[in-house]
Amino acid sequence: MKLVYLGALIVGAYFLFPLYVLVLLAFNEPSSTLLAKYPSLLPLSLTLNNLKASLQGSEFLDPFMKSLETATLVGLVTILLAVPAGYGLSRLPRSISYPFLVLLLVTNMMPAIVIGIPIAVEFIKLHLFESVIGLALAQTLVTLPIATFIIQGTFSSIPVDLENQARIDGAGLFRRLFSILLPLAAPGIAAAFLISWMFSWDEFTYAILLIPFHSTLPVTIYLDVTRGNLLAGVAFSLIFTLPVIVLTFALQKYLRGEYLAGGIKG
Amino acid sequence: MKWTPFLLVLPAVAYITIFSFFPTIDAVYLSFLDPHGGLSLKNYQELGYFNVEGAILDTILVTVGALVIQLALGFLVASVLSREFFGRRALSTITIIPMGIATVVAAVTFSFIFQTSGGYANTVLHSLFNVNVNWYQSPVSSLLVVMLADSWKNTPIVSLILLAGLSSIPKELYYSAAIDGAGPIRRFIHITLPNLRSFIGVALILRGVQEFNIFALPLILIGDHPPLLTTLVYNLYTTTFPEVGLALAAATVLLGFILVFMGVVIKLTGGGSQ
């Protein structure tokens, strides 16, 4: 039984250490972090100057807003497409819905960098290059299959009898959707929206290919770090991470292996 | 009425097809075009000048290495979490955090951990063994840094899948094996592994395909020294834009590897079916 605690300790330290380092870098004087030959593992020289300087000094608001706009747009487009698709799939026989789900998941496996270049070339012609809308359209590719899958599962768990009852009472599809199905499926739809939002918030490959010059936060962090603007990179990383950690806790019960495994096993 | 579900599914499927399949086919087709619009292998021949063999080898090395690390750690995490002990819930929350951390942030953090001067890994090594390691001295150790950073971010999803698998194995199997005198290692090999086959397969497909595609991590941690297929594609794309043929040829090679990998894993794990 002691062995479990040893394992737990190793596992816990492994997952927390990099985060601890990020916090050290963000809140310590550079002299005891970036500039030290052997940076201290203890918080020795706490300061808020790094964050202040980074947020004032370089462009922060524009990339932040772009990330926010893109993620929200991706969430909305995804839900708009995934709710009907998820409902449709949940009402089809398994032998038909399964190939559709596999098709959606397989597209998720296509390399973004392979898809991204032809899309970038097209977008230049269509004046969608360097635009939030263009980026959101591409990033929806990443989120749509997952969202459809989650929403499909949610609708499947609603008894068909409930719907049939309403149908007998004369309720049409839209009536059934809005008065019965959507309220019951709301938690699943919310989860799908948040997961889409989160994935888009993180997305890097499409962002750097489709909106390379005045981009979203991940690309800004990359550029800051490669140009030696390290403290800004650290500060933005921390700010970038906080909302996602909050969301991860909120979504913890949806992030389960059974769902993922079930999706592929069918 | 029977057609309504199909009509509802149609927009999503059309979206995916238009934005994913067509560009992919387009990419493969364009990679075989020469500048005059004729079909040729010119782009592929030119890839030789850009160390495409090295990039292929590195990509395979990173993929295999990262998968081995993630499976090993995933088993450790899953077997710890499959037991009841004080603090289990807190630990399961901790193990899920990296999943939500942006890849870019993970890359930045690990670049500070593995700096040659001023790195936290060296702080630890220095205080324990009085040594200082240059992590970027050789291609293999550079790639190891990439694998470790990637594994930190992605072990959670592997552990979640393996944990789901472990909890699906009936406890009676272990009891009767223990009565027959099988030790922990034999129980692992003869009960755990065979029963987890399809779960391991799912984890391998899910992670393996992404592993071939890792891009932000190597770009931030090692740039293109040594290059992976993805960083090579990006590099060729930005330097030769709008001549995209060369980048697309490298991208097509990457796509080929992913398709082969999926085929192999599906075959080895019995198609992920029961």
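Residues numbered from 1 in each chain as written. Chains lettered and ligands numbered in written order. Predicted model: local features only at pLDDT ≥ 70, side-chain atom pairs only at ≥ 80, totals over all residues. Heavy atoms only, no water.

Labelled according to an unreviewed UniProt entry, chain A appears under the name Binding-protein-dependent transport systems inner membrane component, originating from Metallosphaera cuprina. The annotation that UniProt attaches to chain A under Sequence similarities (unreviewed entry) is "Belongs to the binding-protein-dependent transport system permease family. MalFG subfamily." According to the UniProt record, the Subcellular location (unreviewed entry) comment for chain A reads "Cell membrane". (UniProt positions renumbered as here; feature names shortened; annotations may be inferred.)

Participant: I'm lost on the overall build of chain B in this one. Help?
Facilitator: Assigned secondary structure in chain B consists of 14 helices and zero strands. If you list the helices and strands of chain B from N to C, you get α-α-α-α-α-α-α-α-α-α-α-α-α-α. Its C-alpha atoms give chain B principal-axis dimensions of roughly 75 × 70 × 30 Å. The buried share of chain B, taken over its 274 residues, is 54%. As displayed, chain B offers around 12,400 Å² of accessible surface, 69% of which is attributable to carbon and sulfur atoms. One way to put it: in chain B the 12 positive side-chain charges average out to a point 19 Å from where the 12 negative ones average out. (Helix = DSSP H or I, 4+ residues; strand = E, 2+ residues; numbered from the N terminus. Buried < 20%, exposed > 50% of the residue type's maximum accessible area, 1.4 Å probe, protein only. Areas by Shrake-Rupley, 256 points an atom, 1.4 Å probe, with all protein chains shown as cover. Lys, Arg positive; Asp, Glu negative; His and termini not counted. Charge placed at Lys NZ, Arg CZ, Asp CG, Glu CD.)

Participant: Honestly, the domain arrangement of chain A in this entry has me stumped. Any pointers?
Facilitator: How big an interface is tends to be reported as the loss of accessible area on association of its parts. All names here are of chain A. Along its sequence, chain A is carved into domain 1 (1-46) and domain 2 (61-261). The gap between the C-alpha centroids of domain 1 and domain 2 is 33 Å. Facing seven residues of domain 1, the contacting portion of domain 2 comprises six residues. Both faces combined, the contact of domain 1 with domain 2 buries some 600 Å², and carbon together with sulfur accounts for 95% of it. Considering only the surface of domain 1 that becomes buried against domain 2, Leu22, Leu25 and Leu34 emerge as the three largest contributors, covering 60% of it. Between domain 1 and domain 2 we count zero salt bridges in total. Looking at the side of domain 1 that touches domain 2, its residues break down into seven nonpolar, no polar and no charged. (Domains from an automatic or database assignment. Contact = heavy atoms within 4.5 Å. Buried area = accessible area lost by both parts, 1.4 Å probe. Salt bridge = Lys/Arg side-chain N within 4 Å of Asp/Glu carboxyl O. Nonpolar A, V, L, I, M, F, W, Y, C, P; charged D, E, K, R; others polar.)

Participant: Any chance you could explain the environment of Phe15 of chain A here in plain terms?
Facilitator: Here Phe15 of chain A is to be found in helix α1 (residues 2-27). Overall, Phe15 of chain A belongs to the buried group, its relative accessible area being 1%. It is 36 Å that separates the C-alpha atoms of Phe15 of chain A and Tyr98 of chain A, two residues lying 83 residues apart in sequence. Setting aside its immediate chain neighbours within four residues, Phe15 of chain A contacts Val77, Ile94, Thr95, Pro98, Trp152, Thr155 and Pro156 of chain B.

Participant: Got a minute to help me understand a nonpolar patch on the surface in this structure?
Facilitator: A contiguous nonpolar surface patch, about 390 Å² in accessible area, is contributed by Leu3, Leu6 and Ile10 of chain A together with Leu76 of chain B. By secondary structure assignment, the location of Leu76 of chain B is in helix α3 (residues 52-81). The class for Leu76 of chain B is partly exposed, based on a relative accessible area of 31%. (Patch = residues over 30% accessible without salt bridge, like charges linked within 9 Å, V, L, I, M, F, W, Y side chains within 5 Å.)

Participant: Help me understand the side chain of Ser200 of chain A, please; the structure alone is not making it clear to me.
Facilitator: All names here are of chain A. Tracing the backbone shows Ser200 in helix α8 (residues 173-202). Residue classification places Ser200 among the buried residues on the basis of a relative accessible area of 5%. Beyond its immediate sequence surroundings of up to four residues, Ser200 is in contact with Thr70, Ala71, Val74 and Gln139.

Participant: Looking at this structure, I do not really get the interface of chain A and chain B. What am I missing?
Facilitator: Contact with chain A, which involves 89 residues of that partner, is made by 90 residues of chain B. Regarding the contact of chain A and chain B, the summed buried area is about 8,000 Å², with carbon and sulfur atoms giving 82% of it. Here chain A is connected to chain B by zero salt bridges. Where chain A touches chain B, the interface holds five residue pairs in polar contact (both at pLDDT 80 or more). (Polar contact = N/O pair within 3.5 Å; in protein donor to acceptor, adjacent residues only side chain to side chain.)

Participant: What is the right way to look at empty space enclosed by the protein in this model?
Facilitator: Taking a probe equal in size to a water molecule and rolling it over the atoms shows the remaining empty space. Residues and elements named next belong to chain A. According to the stated counting rule, one finds one cavity of 30 Å³ or more in the structure shown. The space that makes up the largest cavity amounts to roughly 30 Å³. Forming the boundary of the largest cavity are Ser67, Thr70, Leu135, Gln139, Ser200, Trp201, Glu203, Ala207, Thr216 and Pro218. Looking at the lining of the largest cavity residue by residue, the classes come out as four nonpolar, five polar and one charged. (1 Å grid on protein atoms, 1.4 Å probe; cavity = no way out; pocket = protein on both sides within 12 Å on 5 of 7 lines; lining within 4 Å. Points joined across faces, edges and corners; volume = space filled by probe spheres on them.)

Participant: Any chance you could explain helix α6 (residues 103-113) of chain B here in plain terms?
Facilitator: Residues separated by three or four positions in an α-helix point in the same direction, a consequence of the helix having 3.6 residues per turn. The element α6 of chain B is largely enclosed, with a buried count of 10 among its 11 residues. Considered for burial, the residues of α6 of chain B that qualify are Val104, Val105, Ala106, Ala107, Val108, Thr109, Phe110, Ser111, Phe112 and Ile113 of chain B. Where α6 of chain B is buried, its residues meet α1, α10 (217-226) and α11 (230-251) of chain A together with α7 (120-129), α8 (139-166) and α12 (216-222) of chain B.

Participant: What am I meant to see in the packing of helix α5 (residues 112-126) of chain A against helix α14 (residues 245-268) of chain B here?
Facilitator: Between two packed helices, the angle of one axis relative to the other and the distance separating the axes together describe the packing. Interaxial distance between α5 of chain A and α14 of chain B falls to 9 Å at its minimum, and their mutual angle equals 150°. In terms of their interaxial angle, α5 of chain A and α14 of chain B are classed as roughly antiparallel. Seen along the crossing, α5 of chain A lies across α14 of chain B with a hand that is left-handed. Between α5 of chain A, through Ile113, Val114, Ile117 and Pro118 of chain A, and α14 of chain B, the contact on the second element is made entirely by Ala247, Leu248, Ala251 and Leu254 of chain B. (Axes fitted to C-alpha atoms, helices over the stretch in contact; angles between N-to-C directions. Parallel < 35°, antiparallel > 145°, perpendicular 65-115°, else oblique. Left-handed = near helix turned anticlockwise from the far one by under 90°.)

Participant: Sorry, what's going on with the pattern of salt bridges here?
Facilitator: Taken as a whole and assessed by the stated rule, the structure comprises eight salt bridges over all chains. In this structure, the salt-bridge partner of Arg207 of chain B is Asp150 of chain B, at a minimum N-O distance of 3.9 Å. Here Arg207 of chain B, found in helix α11 (residues 197-212), pairs with Asp150 of chain B, found in helix α8; they are 57 residues apart in sequence, far enough to count as distant. Grouping residues by exposure puts Arg207 of chain B and Asp150 of chain B together as buried. For Glu211 of chain B, the salt bridge identified is with Arg207 of chain B, shortest N-O distance 3.1 Å. Pair noted here: Glu211 of chain B and Arg207 of chain B are both in helix α11, with a separation of four residues, about one helical turn. Each of the two residues, Glu211 of chain B as well as Arg207 of chain B, counts as buried. One salt-bridge network, in which partners are shared between bridges, spans Arg91, Glu163 and Arg176 of chain A.

Participant: Whenever I open this one, the UniProt feature "transmembrane region" (unreviewed entry) in chain A confuses me. Can you help?
Facilitator: Residues and elements named next belong to chain A. UniProt marks residues 6-27, 71-89, 101-121, 133-156, 177-198, 204-223 and 230-251 with the feature "transmembrane region" (unreviewed entry), using the numbering shown here. Between the C-alpha atoms that bound residues 71-89 there is a distance of 25 Å. The span itself is 100% helix and 0% strand. Taken end to end, residues 204-223 comprises 65% helix and 0% strand; its first and last C-alpha atoms sit 12 Å apart.

Participant: When you look at the confidence of the model for chain A in this model, what are you seeing that I'm missing?
Facilitator: Residues and elements named next belong to chain A. With 94% of its residues at a pLDDT of at least 70, chain A reaches an overall mean of 83. When mean pLDDT is taken per element in chain A, helix α3 (residues 61-90) scores highest with 93 and helix α12 (residues 257-265) scores lowest with 47. For the stretch residues 261-266, pLDDT sits under 50, and the model shows 16 contacts to residues farther than four places along the chain or on other chains. (pLDDT = per-residue confidence, 0-100.)

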